[in-house]
Structure formats: C-alpha cells, structure tokens
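Residue strings, one per chain:
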Amino acid sequence: MRRAEDLEVRGQTVLVRADLNVPLDNRAITDDGRIRASLPTIRDLLARGAAVVVCAHFGRPKGDDYAERAAGGPSLRPVADRLAELLGQPVTLAGDVAGESARVIAETMAAGEVALLENVRFEPAETSKDDDVRGELAARLAALADLYVGDGFGAMHRKHASVYDTPRLLPHAAGQLVLAEVAVLRQLTTSPARPYVVVLGGAKVSDKLAVIGNLVGVSSGPATPPKAADRLLIAGGMAYTFLAAQGHRIGDSILQAEQLGQVTAVLADAARAGVEVVLPVDHVVADRFAADAQPEVVPGPDIPDGKMGLDIGPATSELFARKLADAKTVFWNGPPGVFEFPAFAAGTRAVAEAISAVTGLTVVGGGDSAAAVRQLNLPPDAFSHISTGGGASLEYLEGRELPGLVALEDET
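Residues numbered from 1 in each chain as written. Predicted model: local features only at pLDDT ≥ 70, side-chain atom pairs only at ≥ 80, totals over all residues. Heavy atoms only, no water.

Inspection of every chain in the model, using the stated rule, returns 27 salt bridges. Among the charged side chains, a salt-bridge network with shared partners connects Asp32, Arg36, Arg82 and Glu85. (Salt bridge = Lys/Arg side-chain N within 4 Å of Asp/Glu carboxyl O.)

What follows is the structure in structure tokens.
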C-alpha cells in the first residue's frame with residue numbers, strides 16, 4: 001500500500017477516513033483512545049501543508065433516511081470538540097456529511113485547517129449493499145477533496161461507501177495507524193515467534209469460532225493449513241459453551257446451545273493439530289448480572305444451578321499466567337470477565353498483567369480488551385501494540401479479505 005507520507009499534499013485538501021467511534025456517557029467521552037490514535041496521520045498532513053477533512057462513523061443511527069438519523073443522533077459534536085483539544089486548534093464540524101455545508105467548508109479551507117464531517121452513518125447509503133447507491137455517496141465525498149487517506153482500521157472490514165468506494169475515486173494511501181495495524185497482524189499470521197499463545201474472551205463463542213478454526217489449522221478446502229497458534233486460553237462468556245461441550249455444569253451462565261456441535265468439532269481439531277486448549281478451572285459467580293451482585297468463588301469447573309459465571313477464578317488466573325509465562329508472541333481479544341463491574345474485574349486484570357510481563361510481541365486486539373486496559377489503568381506501553389479494531393483484527397486473523405485494505409492496495 002502507498003503510504004500517506006509519500007503523498008504530495010501541500011496545497012491539497014485531503015479526506016481522511018478515521019475511526020472515531022468512541023464510547024459516550026451522557027455526551028461525555030469515556031475513552032478517547034481512538035481519537036488519539038488518529039492524531040499522528042492528521043498532524044503529519046497538517047504539518048506538510050494540507051487542509052484535512054475527516055470522515056468518521058459514530059454509533060448506529062436509527063431511521064430510514066438522513067433526516068430521521070440526524071434527528072436521532074448521535075452527532076460527532078463531542079468528538080469534534082475533543083479532537084480540537086488534542087490538536088490544539090479549531091475543528092469545524094460540518095452540518096451534514098457530504099451536502100452543502102460540507103461542500104462550502106471544504107472549498108473555503110486553508111492549508112493547516114481541519115474540518116470534521118457529520119456522522120457518515122446518517123447517510124443510509126454508507127452501509128448499503130447496493131454498489132450504485134454507495135457509489136453515489138462516494139462520489140459526493142470524493143468531490144470534497146483532492147486526495148484520500150484511509151486511517152480508520154476499525155472500519156476496514158466493512159464494505160462501506162467511505163471505506164471501500166471513495167478511495168477508488170481519488171489518489172489514495174494508507175495512514176500511519178492502518179500501516180501499523182497491518183504490520184503487526186502480518187507478523188502474527190506469517191512469522192510469529194513461538195510459543196504463540198492466543199487469549200480469547202468475550203460473550204459469544206459464535207463470534208470467535210472462525211478465528212479459532214484458523215488458529216488450529218482448520219480449512220474448508222482440500223488442504224489443511226498448518227496451525228497458527230500453539231496454545232489457546234479461552235475465557236469469558238464463550239468459555240461456558242466450551243465447558244458445556246465437555247459435559248460440565250454451567251448453571252445459569254451464558255450458553256450458545258446451537259454452537260455445541262461446532263465447539264466439540266473445534267476441540268477435536270485442536271487436539272489433532274497439537275494445539276493446547278486451556279479452559280477455566282474455577283469461577284467467580286453470582287446469582288444475577290449486576291454490579292452490586294455478591295461475588296462467590298466456585299472451585300472446580302462446574303457451576304451450580306442458580307449461579308452464573310461472571311469472571312474466571314483465582315486458580316484459573318494462576319493457570320493462565322503459567323501458560324503465558326513462556327510465550328514469545330501473544331494475541332488477546334476479549335476480556336475474561338465482566339471487567340466493567342469491579343467485583344468481577346480481577347480475572348481481566350490478572351490476565352492483562354500476565355500478558356504485560358511477556359517479553360515478546362504482545363498484541364491487544366482492540367474492542368473490549370483495549371477498553372479494559374484503559375479502564376483498569378494499566379499502562380499502554382506495557383503491551384507491544386493495542387489495536388483500535390477488534391472486529392477488523394479478528395477477521396484478518398480469520399484469513400478474510402478486509403474490503404478497506406483491498407481498496408487501499410489498489411494503486412490504479
């Protein structure tokens with residue numbers, strides 16, 4: 001991919017597709033990590049004499065047309081304000097995505113100025129499956145700028161107008177964030193130092209089965225690829241489906257019963273491939289899913305009726321730490337417990353601290369894992385790389401093409 005640093009941008013208007021989809025609480029940003037991750041590319045373009053128009057999505061606006069979605073929000077106003085604070089200069093927020101307000105702002109910007117378009121998902125065409133519908137929006141976005149820089153890694157797995165179609169209409173390049181993310185993921189998939197340990201958590205096993213299959217060398221084609229990982233540590237809500245597949249009692253814990261057959265098959269595939277699968281050996285449980293629920297440690301892998309697992313127990317934390325101690329490469333996606341509730345955050349902290357002690361490459365795979373690192377006040381420099389794109393990272397590790405990367409790799 002062409003690098004944004006290689007573009008001649010002086011006197012040009014550059015459309016930067018960023019990922020600024022940050023969490024809000026009463027209109028206050030609770031984690032600005034993705035905004036901070038976008039700064040190096042924006043600052044570089046400004047320093048080299050460009051005017052920068054930033055495009056980003058925010059949440060999942062509801063409504064059948066632009067007017068309904070814009071009325072319901074969320075607006076990117078809080079993001080524009082925070083971006084201005086971090087850049088130390090004004091950021092003009094357009095009154096629309098690619099309409100008259102955006103056009104006037106883009107045409108009147110001077111070198112060194114920054115504008116942010118309104119939430120691109122206010123436009124239903126952004127996520128349309130119809131190529132022509134997306135293409136019309138892409139044409140309006142492309143008309144705002146001379147060059148395009150893709151730097152929103154967290155959206156690279158989406159075939160959306162601003163991610164996939166717009167770069168095909170302008171000279172384009174990849175921003176610093178995307179290049180850094182791809183470099184790390186390529187290292188994980190092509191030449192990881194071993195032992196390579198993958199830690200997977202999160203609620204739904206269905207979200208992770210494809211990547212687990214790829215990690216243990218499962219293929220739908222005639223040839224079976226070599227295993228990618230040496231060891232899988234599985235926790236979080238998804239672990240209870242694995243435990244149920246092994247015949248353990250899981251009480252009222254989250255269960256995807258329709259996935260039991262696939263989980264059993266994956267465990268068999270892992271055993272054949274020589275991939276060690278490590279599951280929880282004890283749990284922290286409660287009688288309800290609530291921050292003020294009373295935690296109780298259940299020794300052993302079985303959970304009694306009336307109780308639900310909300311975190312791994314202390315014995316599992318110690319087991320996972322031992323299984324991570326000799327690792328040379330670690331990829332972590334998904335928290336082991338409900339870290340948002342302090343009473344059920346100890347397992348996530350223990351796993352994060354064990355990974356941070358690894359001397360090799362340690363990658364936090366975005367999403368809730370990255371949020372946990374920040375919420376638990378763990379130093380970000382304790383890890384080699386914290387991804388901004390949980391879903392995009394997983395799809396890359398599944399071996400799937402990411403539409404946004406495909407568009408940036410096309411240099412025609």
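The next thing to look at is unusual backbone geometry. The peptide bond linking Gly73 to Pro74 adopts the cis configuration, its omega dihedral lying at 10°. Take Pro74: it is sitting in the loop between α2 (66-72) and α3 (77-87). Pro195 follows Arg194 through a cis peptide bond whose omega is 5°. On the secondary structure map, Pro195 appears in the loop between α7 (176-190) and β9 (196-200). For Asn26, which is not glycine, the phi dihedral falls at a positive 55°. Tracing the chain through its elements places Asn26 in the loop between β2 (24-25) and β3 (28-29). For Asn26, a relative accessible area of 74% corresponds to the exposed category. One non-glycine residue, Asn377, adopts positive backbone phi at about 60°. Looking at the secondary structure, you find Asn377 in the loop between α13 (367-375) and β17 (385-386). (Helix = DSSP H or I, 4+ residues; strand = E, 2+ residues; numbered from the N terminus. Buried < 20%, exposed > 50% of the residue type's maximum accessible area, 1.4 Å probe, protein only.)

Now for the pairing of strand β10 (residues 231-234). Here β10 shows no split at all, with Arg231 and Leu233 on one side and Leu232 and Ile234 on the other all buried. Direction of pairing for β10 relative to strand β11 (residues 276-278): parallel, over a ladder of three bridges. Across the sheet, residue Leu232 finds its bridge partner in β11, namely Val277. (Pairing = 2+ DSSP bridges.)

We now examine the environment of Glu411. In this structure, Glu411 sits in the segment after α15 (403-409). Overall, the relative accessible area of 46% leaves Glu411 in the partly exposed class. For Glu411, the residues in contact, after removing those within four places along its chain, are Met1, Arg2 and His172. (Contact = heavy atoms within 4.5 Å.)

A few words on the packing of aromatic side chains. Two aromatic rings, taken as a pair, are described by how far apart their centres are and by the angle between their planes. By the definition in use, this model includes two aromatic pairs. Relative to Phe122, the ring of Tyr66 has its centre 6.0 Å away and its plane inclined at 85°; by these criteria the two rings are edge-to-face. Taken together, the residues Tyr66 in helix α2 and Phe122 in the loop between β6 (114-116) and α5 (131-142) connect sequence positions 56 residues apart. Tyr66 gets classed as partly exposed once you look at its relative accessible area, which sits at 24%. Classification of Phe122 by relative accessible area gives buried; the value is 2%. Ring geometry for Phe289 against Phe341: centres 5.1 Å apart, planes inclined by 55°, an arrangement best described as tilted. Within this pair, whereas Phe289 is found in the loop between β12 (282-286) and β13 (296-299), its partner Phe341 is found in the loop between β15 (329-333) and α12 (346-356), the two being separated by 52 residues in sequence. (Phe/Tyr/Trp six-rings, centres within 6.5 Å; stacked < 30°, edge-to-face > 60°.)

Right, let's talk about the side chain of Ser393 for a bit. Considering the arrangement of structural elements, one finds Ser393 in helix α14 (residues 390-397). On the basis of relative accessible area, Ser393 is assigned to the buried category, the value being 1%. Within the structure, the side chain of Ser393 is placed 3.0 Å from the side chain of Ser387, a separation counted as a polar contact. When residues no more than four places from it in sequence are discounted, the contact partners of Ser393 are Phe153, Leu185, Phe331, Gly365 and Ser387. (Polar contact = N/O pair within 3.5 Å; in protein donor to acceptor, adjacent residues only side chain to side chain.)

So, on to the packing of helix α9 (residues 238-245) against helix α10 (residues 260-273). A pair of packed helices can be characterised by two numbers: the angle between their axes and the separation between those axes. With their axes 9 Å apart at the nearest point, α9 and α10 run at an angle of 80° to one another. Between α9 and α10, the crossing angle belongs to the class labelled roughly perpendicular. The segment α9 lies against α10, with Thr241, Phe242, Ala244 and Ala245 engaging Leu260, Val263, Thr264 and Leu267. (Axes fitted to C-alpha atoms, helices over the stretch in contact; angles between N-to-C directions. Parallel < 35°, antiparallel > 145°, perpendicular 65-115°, else oblique.)

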